[in-house]
Amino acid sequence: AREPLAGYNLYLGNILQNNEGNESLVELDRGTSPKAQLNGLGEFVFVDVPPGRYGLMLDMVRGAVLLNDPDDGSDMIVEIQGGQIVDLGEMAYPIPAE
């Protein structure tokens, strides 16, 4: 049975580029990265996010993890454009016990 993951924080981490200009890592700064908390239904909203590309990260007790796209397993990268709402739909993940 699936249960919402409530009370955890999600962050939008900055995507870093390697020397060749390719996206290679996602950086999380808990003090400045856009943050949202999962409510009792597992829903979340980020507000006032500057335009750009971000990695969607879940902050857990053992550290933050970059989430994967549940459809294809690739890194969960979110493209934010000014004045738009991005609906990620329902995402289901197996979450290990902490």
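Look up: the structure comes first, before these words.
All figures in this text were calculated on a predicted structure; none of them were measured in a lab.

Engineer: Sorry if this is basic, but what is going on with the overall build of the protein here?
Structural biologist: When helices and strands are counted, the protein shows 0 helices and 6 strands. Listed by position from the N terminus, the elements making up the protein come as β-β-β-β-β-β. Rg of the C-alpha trace for the protein: 14 Å, near the compact-globule value of 13 Å for 98 residues, within the 12% margin. Accessible surface, the protein as shown: approximately 6,800 Å² in total, 47% of it carbon and sulfur. Between the centroid of the 5 positive side chains of the protein and the centroid of its 16 negative side chains there is a distance of 7 Å.

Engineer: Sorry, what's going on with the nonpolar core here?
Structural biologist: A general trend in soluble globular proteins is that nonpolar side chains are found buried together. Formed by 14 residues in total, the largest nonpolar core has its most connected members in Leu10, Leu12, Phe46, Val49, Leu56, Leu58 and Leu67. If you list the elements that add at least two residues to this core, you get strand S1 (9–17), strand S4 (52–60) and strand S6 (77–80). No other element matches S4, which puts 4 residues into this core. For Phe46, the residues in contact, after removing those within four places along its chain, are Leu10, Tyr11, Leu12, Pro34, Lys35, Ala36 and Leu56.

Analysis parameters
Residues numbered from 1 in each chain as written. Predicted model: local features only at pLDDT ≥ 70, side-chain atom pairs only at ≥ 80, totals over all residues. Heavy atoms only, no water. Helix = DSSP H or I, 4+ residues; strand = E, 2+ residues; numbered from the N terminus. Rg over C-alpha atoms; globule rule 2.2 N^0.38 Å. Areas by Shrake-Rupley, 256 points an atom, 1.4 Å probe, with all protein chains shown as cover. Lys, Arg positive; Asp, Glu negative; His and termini not counted. Charge placed at Lys NZ, Arg CZ, Asp CG, Glu CD. Core = buried A, V, L, I, M, F, W, Y, C linked by side-chain atoms within 4.5 Å. Buried < 20%, exposed > 50% of the residue type's maximum accessible area, 1.4 Å probe, protein only. Contact = heavy atoms within 4.5 Å.

Shape is all these values report; function is a separate question.
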